[in-house]
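Chain by chain, the residues:
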Amino acid sequence: MLGKTHLAVGIAASMAVLQPVTLSQLAIGISAATVGAVISDIDVDTSISSRGAGKVAGVYMTLIFIAVVVEWLFHVGIVSLIQKNIIWMRVATGIALFMSICAFGKMQPHRSFMHSFSALLILSGSVALICPIAVPYFSIAFISHILTDLLNYKKVRLFYPLQGGVCFKMCHAKGLVNSVLFIAGTVIIIVEMVMYIYYKIF
Ligand SMILES: [Zn+2]
């Protein structure tokens, strides 16, 4: 399926299942579902997630570089601050783990590791370190990506590192089903947003 279809289906599925109540839940939910919906296709160079990941990694590495230089030159206490703050340590560990897994996944063949239960478990674990309430939104969107890819003709290695894969050979990635899923996902998101606003006002 196309990236925009995975996005629409992933966000719609997370919103429909988890029904966020507060604005922070809605914001965290949509953000986590957005990443969960497209991160699997980091194993395709031209995908939304692959291009986005390159930029995020660049910004993250630049920030780390700046922090290291500032700490080295001015001894502002960044290292001891992170060491003393257990939450910062946890979040930094989660981000580093998430990025390492994505870097590994990017080097694997399409629809192998990044489309498997192994990746779902490890990535969800690293999201739990970064922001625990984001985990269900991320996981549901990730699973929706794998389920929609299963409809295509290319096998999905669900049980990586085991060999062999699964596909239902029901439709092509850019065909009618892709368009129907995109429209259905978009409509569900709009309905969910309208319901959220309605319940907030009345
Ligand atoms: Zn995919």
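My aim in this report is to walk through the structure given alongside it, one point at a time. (Residues numbered from 1 in each chain as written. Predicted model: local features only at pLDDT ≥ 70, side-chain atom pairs only at ≥ 80, totals over all residues.)

## Considerations on the packing of helix α6 (residues 117-130) against helix α7 (residues 135-150)
Each pair of packed helices can be summarised by the angle the axes make with each other and by the distance between the axes.
Point 1. Their axes nearest at 9 Å, the elements α6 and α7 cross at an angle of 155 degrees. As far as their axial angle goes, α7 and α6 are roughly antiparallel. Two packed elements cross with a definite hand, and for α6 against α7 that hand is right-handed. Contact residues: α6 offers L120, L123, S124, V127 and A128, while α7 offers V135, F138, S139, F142 and I143.
Point 2. Of the residues that constitute the contact of α6 with α7, the class distribution is eight nonpolar, two polar and no charged. (Axes fitted to C-alpha atoms, helices over the stretch in contact; angles between N-to-C directions. Helix = DSSP H or I, 4+ residues; strand = E, 2+ residues; numbered from the N terminus. Parallel < 35°, antiparallel > 145°, perpendicular 65-115°, else oblique. Left-handed = near helix turned anticlockwise from the far one by under 90°. Contact = placed C-beta atoms within 7 Å. Nonpolar A, V, L, I, M, F, W, Y, C, P; charged D, E, K, R; others polar.)

## Let's talk about unusual backbone geometry
Point 1. Following Y160, the chain continues to P161 via a peptide bond in cis, the omega torsion being 10 degrees.
Point 2. Tracing the backbone through its elements, the reader meets P161 in the loop between α7 and α8 (176-201).
Point 3. Here R111, not a glycine, exhibits a phi torsion of approximately 60 degrees, which is positive.
Point 4. Within the secondary structure, R111 is located in the loop between α5 (86-106) and α6.
Point 5. Classification of R111 by C-beta neighbours within 10 Å gives buried; the count is 25.
Point 6. Even without being a glycine, K169 presents a positive backbone phi close to 50 degrees.
Point 7. Residue placement: K169 occurs in the loop between α7 and α8.
Point 8. Look at K169 and you get exposed, because 11 C-beta atoms sit within 10 Å. (Buried ≥ 20, exposed ≤ 12 C-beta atoms within 10 Å, placed from the backbone.)

## Focus: the packing of helix α1 (residues 3-18) against α8
Point 1. Here α1 crosses α8 at 40 degrees, and the two axes come no closer than 8 Å. Regarding the angle of α1 to α8, the classification is oblique. Viewed along their axes, α1 and α8 form a crossing whose handedness is left-handed. Between α1 and α8, the contacting residues are K4, T5, A8, V9, I11, A12, M15 and A16 on the first element and N178, L181, F182, G185, T186, I188, I189 and E192 on the second.
Point 2. Residues belonging to the contact of α1 with α8 are distributed by class as follows: ten nonpolar, four polar and two charged.

## Looking at α5
It helps to recall that an α-helix has 3.6 residues per turn; residues three or four apart then point in one direction.
Point 1. With 21 residues, α5 ought to run about 30 Å at 1.5 Å a step, and its terminal C-alpha atoms sit 30 Å apart, in line with that.
Point 2. Every buried residue of α5 is accounted for by I101, C102 and G105. Relative to the axis of α5, the buried residues are bounded by an arc of 100 degrees and lie together on one face. Within α5, the exposed residues directed more than 90 degrees away from the buried face are S100 and A103.
Point 3. Buried residues belonging to α5 abut α3 (48-74) and α6. (Expected span 1.5 Å × (residues − 1). Arc of directions from axis to C-beta.)

## Some details on the nonpolar core
Point 1. Counting 35 residues, the largest nonpolar core has I11, A12, A32, A33, Y137, F138 and A141 as the members making the most contacts within it.
Point 2. Residue assignment for this core shows that the elements contributing at least two residues are α1, α2 (23-38), α5, α6, α7 and α8.
Point 3. Per-element tally for this core: the top contributor is α1, with seven residues.
Point 4. Apart from residues lying up to four places away in sequence, F138 is in contact with A32, A33, V35, G36, S124 and V127. (Core = buried A, V, L, I, M, F, W, Y, C linked by C-beta atoms within 7 Å.)

## Re the environment of L7
Point 1. You can see L7 is positioned in helix α1.
Point 2. Judged by C-beta crowding, with 23 C-beta atoms within 10 Å, L7 ranks as buried.
Point 3. As for L7 and H145, which are separated by 138 residues in sequence, their C-alpha atoms are 8.5 Å apart.
Point 4. Apart from residues no more than four positions distant in its own chain, L7 is found in contact with T34, A37 and V38.

## Re α3
Point 1. Between its first and last C-alpha atoms α3 spans 39 Å; for 27 residues at 1.5 Å apiece the expected length is 39 Å, and the two agree.
Point 2. The buried count for α3 comes to two of 27 residues, which makes it a mostly uncovered element.

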